[in-house]
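# Observations on the model geometry
This is what each chain is made of:
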Amino acid sequence: IMYWRRSAAPVAESPGREAASLSGPETRISLWQAIRPMLKVVVIVVLVQLIAGSASAFLPIYLVDVHGITPATATMMLGVMRGGGILGSLVSGWLSDRWNRKYVILLAIGLTGLVLLGLTSLPYGPASVVLMALFGVAMYMRGAAKQVYLMDSVPAYLRATVFGIF
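Quantities reported herein were computed from a predicted structural model and do not represent experimental measurements. (Residues numbered from 1 in each chain as written. Predicted model: local features only at pLDDT ≥ 70, side-chain atom pairs only at ≥ 80, totals over all residues. Heavy atoms only, no water.)

## Let's talk about helix H2 (residues 39-67)
Helical geometry note: an α-helix holds 3.6 residues per turn, so side chains three or four residues apart project in the same direction. Going by this rule: For helices the rule is a DSSP run of H or I covering at least 4 residues; for strands it is a run of E covering at least 2, with both sets numbered from the N terminus onward. Helices are assigned an expected span. That span is 1.5 Å times one less than the residue count. To obtain the bend at a residue, axes are fitted to the seven residues ending there and to the seven starting there, and the angle between these axes is taken. For each residue, the accessible area found with a 1.4 Å probe, counting protein chains only, is set against the maximum for its type, and the residue is called buried under 20%, exposed over 50%, and partly exposed in between. Every residue pair with non-hydrogen atoms within 4.5 Å of one another is taken to be in contact.
With 29 residues, H2 extends 39 Å between its outermost C-alpha atoms, agreeing within 8% with the 42 Å of an ideal straight helix rising 1.5 Å per residue. At Phe-58, H2 shows its maximal bend, which comes to roughly 40°, and the proline Pro-60 appears one to four places after that position. Considered for burial, the residues of H2 that qualify are Val-41, Val-42, Val-45, Val-48, Ala-52, Ala-55, Ser-56, Leu-59, Pro-60 and Leu-63. In this fold, the buried residues of H2 make contact with helix H3 (71-98), helix H4 (101-121) and helix H5 (126-153). Directly beyond the C-terminal end of H2, a positive phi value near 70° is found at Gly-68.

## Comments concerning the nonpolar core
As a rule of thumb, soluble globular proteins bury nonpolar side chains together. So the rule is basically this: The term nonpolar core refers to a set of buried residues drawn from Ala, Val, Leu, Ile, Met, Phe, Trp, Tyr and Cys, joined through side-chain atoms within 4.5 Å.
One finds Met-38, Ile-105, Met-141 and Val-162 to be the most contacted residues of the largest nonpolar core, which totals 18 residues. Only helix H1 (31-35), H2, H4 and H5 provide two or more residues apiece to this core. Sorting elements by how many residues they give to this core places H5 first, with 5 residues. Discounting chain neighbours no more than four positions away, the residues touching Met-38 are Tyr-149, Leu-150, Ser-153, Val-154 and Val-162.

## Observations concerning the pattern of salt bridges
Defined as follows: Take a side-chain nitrogen of Lys or Arg and a carboxyl oxygen of Asp or Glu: if they are within 4 Å of each other, that pair is a salt bridge.
Going through the model one piece at a time under the given rule, you end up with 1 salt bridge. A salt bridge links Asp-152 to Arg-101; its shortest N-O distance comes to 2.6 Å. Of this pair, Asp-152 sits in helix H5 while Arg-101 sits in helix H4, and the two are 51 residues apart along the sequence. On the basis of relative accessible area, Arg-101 is assigned to the buried category, the value being 18%.

## Things to note about the side chain of Ser-128
Structurally, Ser-128 is set in helix H5. For Ser-128, a relative accessible area of 4% translates into the label buried.

Next up, the structure:
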């Protein structure tokens, strides 16, 4: 394991204030060392997000072409999906506080697959509205849990960089 060390820069004394005490060099890990342990989980989450994002872009077209609903109804279904997303973020935070973050991510990934299967298998009806809301819940649940997982797993000085990458 490789660690790089950086010595702290001396702090200039301000008038009327004591100089901050510097106890010596502080040990920091590299970006790769911070990302590597959680890379599998994050890559799976990003890949599922690409699949779910593509599906959400094409679901209205699918609903219009296959189920014969009007474009206005398909647009309202997107609103239902986004409304479910609001609920998904809240549910994700609540579950993440009670369970392991990875379990919440896995639950969201499994829910995404089941909901997409249901949307393509079932005829259009009230169940489709519920499934679209659940699709939104699953999409946003996964994203919120991923961010909390990253925040818990990465040192504070690397969080902005890791959030920018993922």
